[in-house]
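As a plain string of letters, each chain reads:
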Amino acid sequence: MKHFGWPLVAVSSVLLSLTYGATRPQYGGTAHILLRSAPNSLDPGSPQSTLMASANLVHLLYDTLVSIDDTGQVQPGLAVSWQVAQDQRHWEFQLRDGVKFDDGSTVSADAAAASLRRLNPWKILSHGSSLDIDLDRPDASLLAELALAKNAIVKAGSEVPRGTGPFRAAEWVSQKRLLLKANEEYWGGRPFLDAVEIEFGKSYREQEVALALGRADVIEIATEDARRLEGGGGRIAESAPLELLALVFSHAPQADSESKLRDALALCIDRATIRNVLLGGKGELAGGILPNWMSGYEFLFPSQLNVTQAQEERGEVNQAPLWTLGYNPMDGISQVVAERIALNAREVGLRVQLATAANADILLARIHLPSANAAIALNSAAAQLGLGEPKLYTANADALYEAEAALLATKRVVPLFHLPSEYSVGAALRGWKMGRDGSWSLADVWLNHGESATDRPGSAIEETRDSSAPVLPRSGGHAERN
Amino acid sequence: MSFHRKLLLAFSATVFFVVVAVAWTVSSLTRSAFDRITQERTRALVRQFQQEFNSRGREVVKQVEAIAAAEPAVHMALALRGAQPDYGAYIPEAKVIADSHQLDFLEFLDAQGKIISSAQWPGKFGYQDASLNVAAASQGAYLKPEDLPQGSALGLFAVRAARGTDNLLFVAGGKRIDQAFLSTLDLPAGVRALLYENLAPALSAQLLIDSSGRQQEWAKIAPIIGQVLADGLEHTATIHWTARPDDDETIDASPLPGESGRVAAVLLVGSSLRSYVELNRHVRDVALLVGGAGILLAFSISSWAAWLVTRPLERLTAAARSLAAGAREVTVEVSSRDELGELAEAFNRMTRELGEQSARLVQAERVAAWRELARRLAHELKNPLFPLQLTVENLVRAHQHSPQIFEEIFSESATTLLTEIANLKSTIAQFAEFSKMPRPDFQPVDVNQIVQQVARVFQAQVDSHTKIRYRLDLDQDLAPIAADRDLVHRALCNLVLNALDAMPQGGTMTLLTRKRRDQGVRIEVRDTGKGLTGEQCERLFTPYYTTKPNGTGLGLAIVQSIISDHRGTISVTSSLGEGTSFAIELPHNGGELNREEGAASRLNATRSRLERESTSADRR
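About the criteria used
- Residues numbered from 1 in each chain as written.
- Chains lettered and ligands numbered in written order.
- Predicted model: local features only at pLDDT ≥ 70, side-chain atom pairs only at ≥ 80, totals over all residues.
- Heavy atoms only, no water.
- Helix = DSSP H or I, 4+ residues; strand = E, 2+ residues; numbered from the N terminus.
- Buried < 20%, exposed > 50% of the residue type's maximum accessible area, 1.4 Å probe, protein only.
- Contact = heavy atoms within 4.5 Å.
- Areas by Shrake-Rupley, 256 points an atom, 1.4 Å probe, with all protein chains shown as cover.
- Axes fitted to C-alpha atoms, helices over the stretch in contact; angles between N-to-C directions.
- Parallel < 35°, antiparallel > 145°, perpendicular 65-115°, else oblique.
- Left-handed = near helix turned anticlockwise from the far one by under 90°.
- Nonpolar A, V, L, I, M, F, W, Y, C, P; charged D, E, K, R; others polar.
- 1 Å grid on protein atoms, 1.4 Å probe; cavity = no way out; pocket = protein on both sides within 12 Å on 5 of 7 lines; lining within 4 Å.
- Points joined across faces, edges and corners; volume = space filled by probe spheres on them.
- Arc of directions from axis to C-beta.
- pLDDT = per-residue confidence, 0-100.
- Pairing = 2+ DSSP bridges.
- Buried area = accessible area lost by both parts, 1.4 Å probe.
- Salt bridge = Lys/Arg side-chain N within 4 Å of Asp/Glu carboxyl O.
- Polar contact = N/O pair within 3.5 Å; in protein donor to acceptor, adjacent residues only side chain to side chain.
- Phe/Tyr/Trp six-rings, centres within 6.5 Å; stacked < 30°, edge-to-face > 60°.
- Core = buried A, V, L, I, M, F, W, Y, C linked by side-chain atoms within 4.5 Å.

Student: Now, about the overall build of chain B: what can you tell me, with residues and values included?
Tutor: What chain B contains, in helices and strands, is 15 helices and 18 strands. For chain B, the residues scored as buried account for 40% of the 620 residues in total. In chain B, of all internal contacts separated by at least 6 residues, the share reaching a separation of at least 24 is 63%. Surface summary for chain B: the accessible area is close to 34,500 Å², and the carbon and sulfur share equals 55%.

Student: Account for the packing of helix α7 (residues 256-268) of chain A against helix α10 (residues 307-315) of chain A, naming residues and giving values.
Tutor: Helix-helix packing: each pair is described by the crossing angle between the helix axes and the interaxial distance. Residues and elements named next belong to chain A. It is the contact of α7 with α10, at a shortest axis distance of 8 Å, that shows an interaxial angle of 165 degrees. The pairing of α7 with α10 is recorded here as roughly antiparallel in orientation. Between α7 and α10 the crossing geometry is left-handed. Residue-level inspection shows K260, L261, D263, A264, L267 and C268 of α7 in contact with α10, the latter providing V307, Q309, A310, E313 and R314. Considered class by class, the residues forming the contact of α7 with α10 number six nonpolar, one polar and four charged.

Student: Kindly report on the layout of surface pockets, identifying the contributing residues and their values.
Tutor: One way to see where empty space is left: roll a probe the size of a water molecule over the atoms. Put simply, the second largest pocket is a space of about 1,300 Å³. Lining the second largest pocket are 40 residues, with E224, G332 and V336 of chain A together with I91 and P92 of chain B positioned closest to its centre. Secondary structure elements with two or more residues in the lining of the second largest pocket: α5 (204-212), α6 (223-231), α8 (271-278) and α11 (332-347) of chain A together with α3 (87-90) and α4 (93-100) of chain B. Residue composition of the lining of the second largest pocket, grouped by class: 18 nonpolar, seven polar and 15 charged.

Student: Break down α6 of chain A for me, citing the residues and quoting the values.
Tutor: Residues and elements named next belong to chain A. All of the buried residues in α6 are T223, D225, A226 and L229. Down the axis of α6, the sector holding all buried residues measures 130 degrees, keeping them to one side. Residues of α6 that are buried sit in contact with α5, β11 (218-221), β12 (235-238), β17 (362-368), β18 (413-419) and β19 (422-425). Looking one or two residues past α6, G233 carries a phi angle of roughly 90 degrees, positive in sign.

Student: Please give an account of unusual backbone geometry that cites residues and values.
Tutor: Residue and element names in this part refer to chain B. For Q102, which is not glycine, the phi torsion reads 55 degrees and is therefore positive. Position of Q102 among the secondary structure elements: in the loop between α4 and β1 (105-110). Positive phi outside glycine occurs at Q519, with the angle close to 70 degrees.

Student: Kindly report on the confidence of the model for chain B, identifying the contributing residues and their values.
Tutor: All names here are of chain B. Chain-level pLDDT for chain B is 82 on average; 93% of the residues reach the 70-or-more range. Mean pLDDT values for the elements of chain B range from 61 in helix α15 (residues 590-619) up to 94 in strand β16 (residues 521-527). The complex prediction reports pTM at 0.62, with the ipTM value standing at 0.73.

Student: Help me get a handle on the sheet that holds strand β4 (residues 151-161) of chain B, residues and values and all.
Tutor: Whenever strands of a sheet pair, they do so through backbone hydrogen bonds, lying parallel or antiparallel. Residues and elements named next belong to chain B. An order of β2-β1-β5-β4-β3 is seen for the five strands of this open sheet, with the pairing classed as antiparallel. Edge positions in the open sheet fall to β2 (115-118) and β3 (142-148), since each of these has one partner strand only. Adjacent strand axes in the sheet meet at a mean angle of 35 degrees when their direction is disregarded. Across the sheet, α4 lies against β1 and β2, angled at about 135 degrees from β1, the strand it touches most.

Student: For the interface of chain B and chain A, give the residues involved together with the corresponding values.
Tutor: Across the contact, 15 residues belong to chain B and 15 residues belong to chain A. For the pair chain B and chain A, the summed buried area comes to about 1,300 Å², and 58% of that belongs to carbon and sulfur atoms. Where chain B packs against chain A, one counts zero salt bridges. Scanning the region where chain B abuts chain A turns up eight residue pairs in polar contact (both at pLDDT 80 or more). Mapped by element, the contributors of at least two residues to the side of chain B that touches chain A are α3 and β3 of chain B. For the side of chain B that touches chain A, a count of residues per class yields eight nonpolar, four polar and three charged.

Student: Break down the packing of aromatic side chains for me, with residues and values.
Tutor: Residues and elements named next belong to chain B. Summed over the entire model, instances satisfying the criterion amount to 18 aromatic pairs over all chains. Relative to F157, the ring of F105 has its centre 5.0 Å away and its plane inclined at 20 degrees; by these criteria the two rings are stacked. Placement of F105 in strand β1 and of F157 in strand β4 is noted, with a sequence separation of 52 residues between them. Of the two residues examined, F105 and F157, each falls in the buried class.

Student: Explain the confidence of the model for chain A residue by residue, including any values.
Tutor: Residues at a pLDDT of 70 or more form 86% of chain A, whose mean pLDDT is 85. Counting interchain partners and residues more than four positions distant, the pLDDT-below-50 stretch residues 454-482 of chain A has 60 contacts.

Student: If you had to explain the nonpolar core to someone new, which residues and values would you point to?
Tutor: Formed by 64 residues in total, the largest nonpolar core has its most connected members in L247, L265, I341 and L364 of chain A together with F108 of chain B. Ranked by residue count, the leading element in this core is α11 of chain A, at eight residues. The residues touching F108 of chain B, leaving out its near neighbours within four places in the chain, are I67, A73, M76, A94, I97, K114, I115, I116, S117, L169, F170 and V171 of chain B. Residues V445, V451, Y470 and L478 of chain B belong to the second largest nonpolar core, which totals 47 residues.

Student: Give a description of the environment of D103 of chain A that names residues and reports values.
Tutor: Residues and elements named next belong to chain A. Summarising the element assignment, D103 is placed in the loop between β5 (90-95) and α3 (109-117). We classify D103 as buried; its relative accessible area is 16%. Separated by 59 residues in the primary sequence, D103 and R162 have C-alpha atoms spaced 6.9 Å apart. A polar contact is formed between the side chain of D103 and the side chain of S105, at a distance of 2.7 Å. At 2.6 Å, the side chain of D103 forms a polar contact with the side chain of K155.

Student: How would you summarise the sheet that holds strand β13 (residues 468-473) of chain B if you had to cite specific residues and measurements?
Tutor: All names here are of chain B. An order of β13-β15-β16-β18-β17 is seen for the five strands of this open sheet, with the pairing classed as mixed. Because the sheet does not close on itself, it has two edges, and the strands there are β13 and β17 (569-575). Strand-to-strand twist of the sheet, defined as the mean angle between neighbouring strand axes without regard to direction, takes the value 10 degrees. Lying over the sheet, helix α12 (residues 485-502) contacts β13, β15 (507-515), β16, β17 and β18 (579-586), oriented at roughly 20 degrees with respect to β16. Contacting β17 and β18, helix α14 (residues 555-565) runs over the sheet at an angle of about 140 degrees to β17.

Student: With reference to specific residues and values, describe the pairing of strand β11 (residues 263-272) of chain B.
Tutor: All names here are of chain B. Of all ten residues in β11, nine are buried, a share of seventy percent or more. Here strand β6 (residues 191-197) runs beside β11; their pairing, made up of seven bridges, is antiparallel. Looking at β11, one finds that E197 is bridged to A265. Here nine bridges tie strand β10 (residues 249-257) to β11, and the two strands are oriented antiparallel to one another. Looking at β11, one finds that A253 is bridged to L268.

Student: Which residues make up the pattern of salt bridges, and what values go with them?
Tutor: All names here are of chain B. Counted by the stated rule, this structure contains 36 salt bridges over all chains. For D246, the salt bridge is made with R281, and the minimal N-O distance between the two is 3.0 Å. One end of the pair, D246, is in the loop between β9 (235-239) and β10; the other, R281, is in helix α7 (residues 274-325), with 35 residues separating them in the sequence. Looking at R281, the relative accessible area reads 33%, which means it is partly exposed. A salt bridge links R522 to E524; the nearest nitrogen and oxygen atoms lie 2.7 Å apart. Under the relative-accessibility criterion, R522 is labelled partly exposed at 29%. On the accessibility criterion, E524 (8% relative accessible area) is buried. Counted as one network, the salt bridges with shared partners bring together R516, D518, R522, E524, R526 and E585.

Pasting the structure below:
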């Protein structure tokens with residue numbers, strides 16, 4: 001050790017400096033992202049903003065008053081500070097000074113209030129640079145609500161939605177392509193990237209091929225493909241399980257016998273095999289609507305296979321009706337999972353037949369939980385599953401548990417899996433981090449110019465640009481749509 | 001029924017039955033030919049189906065063998081060796097390989113029949129395929145129902161072991177037998193193929209397909225499918241889809257056995273009967289046309305034949321009728337020398353002999369009548385002659401006595417002579433009257449009025465006889481009839497006189513009139529006298545027959561003659577001790593009135609013409 005100590009330290013220092021030099025943030029370049037979804041609006045108020053991909057787009061173009069970090073802590077956004085009255089009904093936010101929309105106009109408290117009033121029933125007042133929100137009832141989840149993409153601040157009255165995010169829209173072809181340019185005056189600092197080009201409506205296979213050919217830097221991948229791509233040496237980014245795969249009955253049980261049959265169905269599904277084989281080991285077995293990392297009590301809801309008990313429940317009913325099980329034919333894994341569930345059901349004497357019709361007796365639903373906040377996520381999940389909204393306004397775990405247990409007691413939903421969102425990231429993209437909630441941080445990534453997709457043949461922005469697409473011209477440094 | 005009609009009926013019936021027999025024969029031959037063609041078409045289609053089936057089976061076997069020999073199967077088999085397979089790695093494998101080999105079904109299974117990868121049900125990995133028959137790994141393709149997530153389907157399967165893997169892995173692949181398969185069959189016009197997939201324990205309409213998809217015509221076709229499934233034999237039935245025969249269809253159902261011998265499917269070949277029905281309809285139309293023409297021809301022939309046969313008979317009939325009506329010089333033309341000619345000659349001979357006999361009979365009757373007339377005249381004239389002779393002899397003797405006595409006797413004798421001469425004149429007058437009965441002069445008359453006049457004539461006589469009562473029973477609705485007033489009056493007087501004579505001890509005499517249905521009149525003269533015997537009644541109207549001591553026997557004969565001249569009838573009913581009733585039936589005789597008027601006008605015209613000729617002759 002004495003003989004080799006210093007030379008080893010010296011060599012290590014050189015290697016470290018070389019490595020740092022290769023990963024050091026750099027300005028410039030265009031990142032290419034391919035997505036399977038195809039949003040038709042950039043407005044945060046669009047219903048599509050509840051989808052993860054669309055929410056991420058919103059956060060590239062707009063800012064919210066506050067945000068939630070991976071630890072669940074509220075972080076300042078356009079609001080630098082806030083206060084809440086003891087009754088938790090009156091909130092006061094102090095806005096950040098000097099923030100401008102991408103058309104150059106200043107973000108005032110009036111503009112923020114007008115934006116929030118579009119979708120919320122709250123009483124919102126503005127004075128100076130502060131914003132007051134008065135609620136009808138106490139709501140501990142207001143900050144998490146304000147962090148949702150739908151509550152991003154947008155300039156009201158503008159033909160084209162104007163935001164304050166790290167990027168601005170330069171070109172937008174609905175459902176096909178979006179070209180973002182760096183917002184030079186972003187209050188959080190100019191992004192490293194000059195531009196981001198996003199193409200929509202690409203199948204998983206197309207995305208995979210594009211990544212393999214170096215024509216994309218970030219792609220979405222199917223949950224079931226993640227293990228294979230990991231095995232192939234790909235860089236996989238994975239969110240916390242934020243999607244729920246569940247069986248949803250079209251109506252409440254009409255009799256005890258029907259409840260028993262639904263219990264039998266829930267008990268006979270071999271979730272572990274489905275997860276290990278069909279989902280590539282990804283995701284978590286679900287007994288509850290919210291994932292355990294979010295609620296903390298999900299393990300209390302059973303999700304284990306129990307064929308014996310399922311057969312007992314089935315045996316208490318003379319005749320089992322023929323259930324049709326619908327699934328989304330566009331989602332490849334849904335079909336196989338539905339087929340497996342039909343087989344599991346047959347094992348205990350239940351009659352389940354697959355159908356793609358929307359009016360099936362049972363639907364294999366896949367929903368996104370839009371927030372890491374449990375109350376908001378449960379409200380949203382209940383609404384998306386058609387179970388009604390419990391309208392929780394508290395972060396109390398007991399109340400949450402009771403509300404979720406009540407939803408499960410309706411026997412209308414059988415949670416199956418909580419699935420993460422998976423992305424594969426190209427080698428040229430550096431600094432990529434994905435939040436626990438699946439959020440991107442494109443403002444902080446940079447391209448290793450020697451490996452950028454834009455520098456590779458056949459992957460230039462110009463080559464993929466739709467000549468018929470409307471171009472948002474720069475006017476005084478502001479993008480406007482014709 | 002006339003002979004003519006019988007002949008026509010016989011001819012028509014013959015033609016009708018011949019046409020029906022021919023039409024039935026043609027129809028039967030057509031049906032049998034059509035059935036034969038249908039059977040041949042069905043057999044050809046079944047052969048074609050079998051060939052297509054075998055061809056597809058060979059194709060399936062070939063594809064499955066290719067898959068079993070390919071690298072992915074070998075790799076899969078090697079991965080299975082001594083290790084639990086990673087099902088997740090093989091889930092899409094079967095689907096990809098099935099697509100590349102154009103198979104609808106493909107499964108990779110381990111030696112225990114556990115599914116490694118399934119194209120038709122990817123989620124079925126790890127499950128046991130109970131239907132896998134390892135023994136079939138060396139056999140050809142076979143039919144098998146296959147469970148699918150959306151239900152079941154019928155497939156043509158083949159099983160092969162992956163090559164060189166010591167039966168570690170089996171490949172079971174197949175193709176669907178569905179409407180797409182049926183659409184590959186080359187069907188002649190009017191023929192269709194249906195397939196019943198025996199995928200459920202009970203018959204189901206959802207399992208019947210044709211080349212266009214699910215078949216809706218289930219209820220009428222289900223029984224024949226049930227029969228084939230029950231006994232595994234071929235069956236044929238004719239199905240009437242609608243009330244129209246054009247829509248009828250013959251269904252031939254053949255079983256398609258599966259691997260275990262169970263009927264896996266039923267092939268139904270439907271042959272439309274439309275062309276047969278149209279042909280049959282054409283035959284019927286031709287038969288009707290021929291039949292109609294035949295009946296017309298039969299009518300003509302029968303008319304001609306009837307004319308030939310029945311004309312002589314009709315002449316004979318007419319001659320016989322004339323003969324019956326009293327004609328004596330009746331003959332028929334003998335127009336042939338056959339049986340009918342002989343019949344005509346016999347008829348003519350008979351009429352000749354009948355005429356001769358009748359003439360002889362008339363002559364004999366005339367002689368008899370003259371004899372009777374002479375006898376009656378002698379009798380009637382002898383009675384007054386004897387007193388005349390005695391009176392004259394008495395006068396002769398009285399002439400020898402004194403003139404005074406003679407005068408006395410002469411006076412008495414003269415009276416007697418006059419009386420007897422008057423009787424003679426009366427008798428002669430009656431004969432004369434009978435011989436000179438005038439023809440009635442028809443005029444509109446009121447019968448009631450005549451009856452009342454007769455009653456008034458005899459009123460005084462009735463009144464003088466206190467024991468006789470007179471009763472008139474007249475129908476006031478009588479219409480006038482055409483008759484000779486005087487003759488009717490005379491006839492009634494005669495009858496009333498007879499009635500009064502029949503009641504010397506008194507009684508009731510009734511005069512009655514009634515209206516007849518033919519607008520004629522019925523007149524009855526009834527008495528309550530001593531009555532007549534049956535024999536008397538029968539002879540009563542015979543001339544010169546009388547029951548009265550002083551009667552001439554001409555009174556009722558005259559009455560009968562008058563009534564007969566009026567085209568009426570007179571009848572008598574009588575019971576001994578109760579009385580007698582004479583009934584006169586007089587017709588309306590309206591035609592006689594017109595004839596009388598015509599005759600009168602003709603008479604006037606003739607008279608005027610004669611007067612004009614006489615005047616012109618005088619002038620000349």
